[in-house]
Amino acid sequence: MSNYKDIYNEWLQSNVFDDATKAELSTISDNEKEIEERFYKTLEFGTGGLRGIIGAGTNRMNIYTVKKATQGLANYILKQKTDAEPAVAISFDCRNMSPEFASEAALTLCANGIKAYVFEALRPTPELSFAVRHLGCTAGIMITASHNPKEYNGYKAYWSDGGQVPYPRDAEIIDEVNAIASFGDVKTMPIEEAKEKGLYIEIGTELDDEYIKNVKQQSICPEITQNAANELKIVYTPFNGTGNMPVRRALAEAGFKNVTVVPEQELPDGNFTTVGYPNPEDPKAFALAQKLALEIGADLVIATDPDADRVGVLVKNSAGEYMVLTGNMTGVILTEYILGRKKAKGLLPENAAVVSTIVSTDLTKEICSHYGVKYFDVLTGFKYIGEKIKEFEIDGSYSFQFGFEESYGYLAGTYARDKDAVSACMLICEAAAYYKTLGKSLYEGLTDIYEKYGYTKEGTHSVTLQGKEGIENMQKIMAALRGSGLKVVGDKKITKQIDYSTRVVHDMELDIRRNSDLPAADVLYYTLSDDSWFCIRPSGTEPKIKVYCGVRASSEQEANEKYEKLSASVMPLLKI
């Protein structure tokens, strides 16, 4: 087996790689550590696709790793023989190299006789999900690294239902990608030839119209929007990403008239010059938006990440200061608003269902119980919510109303099968307008929810572990936890442990074990004697290990105190 230095030299000498790639690699000829990082492994096509730092090398995002992944996807599609004329929809975000990666992926598909529908310019991830369904495609590709720093790009694969590729199909595609022995085995063709043969088709604004129409159909109380639209002041920032056009259009057509966009962050910028880390989960990313909100006295601030599938919110608290809503807070606001208003208007079906993830707030279950709605837990990752929607449609068992994950992803409706910040922005503003008609802010609406169902507090902590050593350390941490025989955390006994890698649920009080209903995953979940919980898992998209904590309490102060105590007890478990 070749070592990383041999592969590096092969890239420098092979005719497969262009001069620009070789020139970039020549600049690191005396940097042994950098050569190792770029070539010690092949960038893995995982269950969510590809994600990595842009650059030359097998462990980097570049046109060659993108084309190889696409060749594997093409091989899989052709072997399925499910469509007489297979087709793939392709979209891309604002990141550096996104248009190039989208085009190269399309040309590899075309060279394999597969039609590629390519958006003429950047579009959000949820619109790609919608396009796959609307155009009747076999699969879809989204070029994005979501909210990662500017150095990154990525590649997400979707299947014909519009959801990210689920198990076992994802594993079968991975096998096809890994089976490609050489970058020289990857097919491509000139774009002119692809267009002449009718294989490369550009998608224009006609699909935008259909997508926005479906987004607007998720509105529950348009009459509320019309009544409060003139009064509600909204600041919006797309973080220099894809959200600018679709979010502003959706809000405008829904009737919101006072929307002010952060001018420095309005236009696409792959370097995210004004925001740095374009993640709506990071309060620091809101600096410019908050400054503008203070200047104009905005009721709320909304921000979408680069591919507009996640949305973050700032609202004024009881002291009149802007505070960040966590993903769970926004999730429970939307759950209460959607279920409550539909119930009041007689629009809530008897078989209504809400889906969320095992690391999201428990409060959702209480809200669903109050409205007589079935609640479903799934693993982390929105594709599992998409799978539930598909399951409901196939067997007719439930009517999907809403799904969310704590990492700021929300979806109402079934027109798409991935989280949609465009429709979420509209519904968040609609909920704010509703509370405004009651003489309340969105923050006061959230307080009402806590008073009604009980106080909870949840949060996420991340430990970044970069490079080869980081991956090894993540594996060591998870192995150490599994072998620790952990029974107590802080001053609380562990009452239940779920190891999703073995799918074993262990009731530690009764010492009874059973199998989990959810798929296998590298996740450990613990419930404590006071109904608080924590969960530890390696991220599937970033070089991080994530810790989720949640508590229940009778007041906000008690929830804060319990949460801080739990977090302080859990974080030392990650030391190796």
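All values reported here derive from a predicted model rather than from experimental measurement. (Residues numbered from 1 in each chain as written. Predicted model: local features only at pLDDT ≥ 70, side-chain atom pairs only at ≥ 80, totals over all residues. Heavy atoms only, no water.)

(A) How the structure looks around the side chain of Asp 93. On the secondary structure map, Asp 93 appears in the loop between strand 2 (87-92) and helix 5 (98-111). In terms of polar contacts, Asp 93 uses its side chain to reach the side chain of Thr 144, at 2.7 Å. (Helix = DSSP H or I, 4+ residues; strand = E, 2+ residues; numbered from the N terminus. Polar contact = N/O pair within 3.5 Å; in protein donor to acceptor, adjacent residues only side chain to side chain.)

(B) Region of the structure containing the environment of Tyr 4. With respect to the helices, strands and loops of the structure, Tyr 4 is situated in helix 1 (residues 4-13). Accessibility expressed as a relative area gives 22% for Tyr 4, which makes it partly exposed. On a C-alpha basis, the gap between Tyr 4 and Glu 32 in space is 9.9 Å, while along the polypeptide they are 28 residues apart. When near neighbours in sequence (up to four residues on either side) are disregarded, Tyr 4 contacts Glu 32, Ile 35, Glu 36, Phe 39 and Tyr 40. Here the side chain of Tyr 4 touches Glu 32 through a polar contact of 2.9 Å, side chain to side chain. (Buried < 20%, exposed > 50% of the residue type's maximum accessible area, 1.4 Å probe, protein only. Contact = heavy atoms within 4.5 Å.)

(C) Expanded view of the sheet that holds strand 3 (residues 115-119). Within the open sheet, the six strands sit side by side as 1-5-4-2-3-6. Their pairing is mixed. Only two strands of the sheet have a single partner each, and these edge strands are strand 1 (50-53) and strand 6 (200-203). Each strand axis lies, on average, 15 degrees off the axis of its neighbour in the sheet, ignoring direction. Of the strand pairs in this sheet, strand 2 and strand 3 are connected by four bridges, and their pairing is parallel. Following the sheet pairing, Val 88 is matched in strand 3 by Ala 116. Relative to the sheet, helix 6 (residues 125-134) contacts strand 2, strand 3, strand 4 (139-143) and strand 5 (152-159), its axis offset from that of strand 4 by approximately 165 degrees. (Pairing = 2+ DSSP bridges. Axes fitted to C-alpha atoms, helices over the stretch in contact; angles between N-to-C directions.)

(D) How the structure looks around helix 9 (residues 205-216). For helix 9, spanning twelve residues, the distance from its first C-alpha to its last is 17 Å, which sits close to the expected 16 Å at 1.5 Å a residue. Along helix 9, the residues that are buried comprise Leu 207, Asp 208, Tyr 211, Ile 212, Asn 214 and Val 215. Looking straight down helix 9, one finds its buried side chains confined to an arc of 155 degrees; they lie on one side. Packed against the buried residues of helix 9 are strand 3, helix 6, strand 6, helix 11 (244-254) and helix 16 (421-437). (Expected span 1.5 Å × (residues − 1). Arc of directions from axis to C-beta.)

(E) Just the nonpolar core, in detail. Residues Leu 300, Ile 302, Leu 325 and Leu 442 are the most contacted members of the largest nonpolar core, which totals 104 residues. The element best represented in this core is helix 16, accounting for 13 residues. Discounting residues that sit within four places of it in the chain, Leu 325 has contacts with Val 313, Val 315, Thr 330, Ile 333, Tyr 408, Leu 442 and Leu 446. (Core = buried A, V, L, I, M, F, W, Y, C linked by side-chain atoms within 4.5 Å.)

(F) The arrangement of the pairing of strand 20 (residues 512-515) in detail. Bridge analysis of strand 19 (residues 504-507) against strand 20 gives four bridges, and the strand direction is antiparallel. By the bridge assignment for strand 20, His 506 is matched with Arg 513. Here strand 19 folds back onto strand 20 in antiparallel fashion, the turn holding four residues, of which Asp 511 has a positive phi close to 55 degrees.

(G) Structural context of the pattern of salt bridges. As enumerated under the stated definition, the model contains 41 salt bridges in all. Across the pair Glu 24 and Arg 38 runs a salt bridge, and its minimum N-O distance is 2.8 Å. A residue pair is termed long-range when its members are at least 10 positions apart, and Glu 24 in helix 2 (residues 19-26) and Arg 38 in helix 3 (residues 32-39) qualify at 14 residues. Using a relative accessible area of 31% as the deciding quantity, one classes Glu 24 as partly exposed. When the shortest N-O distance is used, the salt bridge between Asp 299 and Lys 436 registers 3.0 Å. Here Asp 299 is found in the loop between helix 12 (287-296) and strand 9 (300-304), whereas its partner Lys 436 is found in helix 16, with 137 residues between them in sequence. (Salt bridge = Lys/Arg side-chain N within 4 Å of Asp/Glu carboxyl O.)

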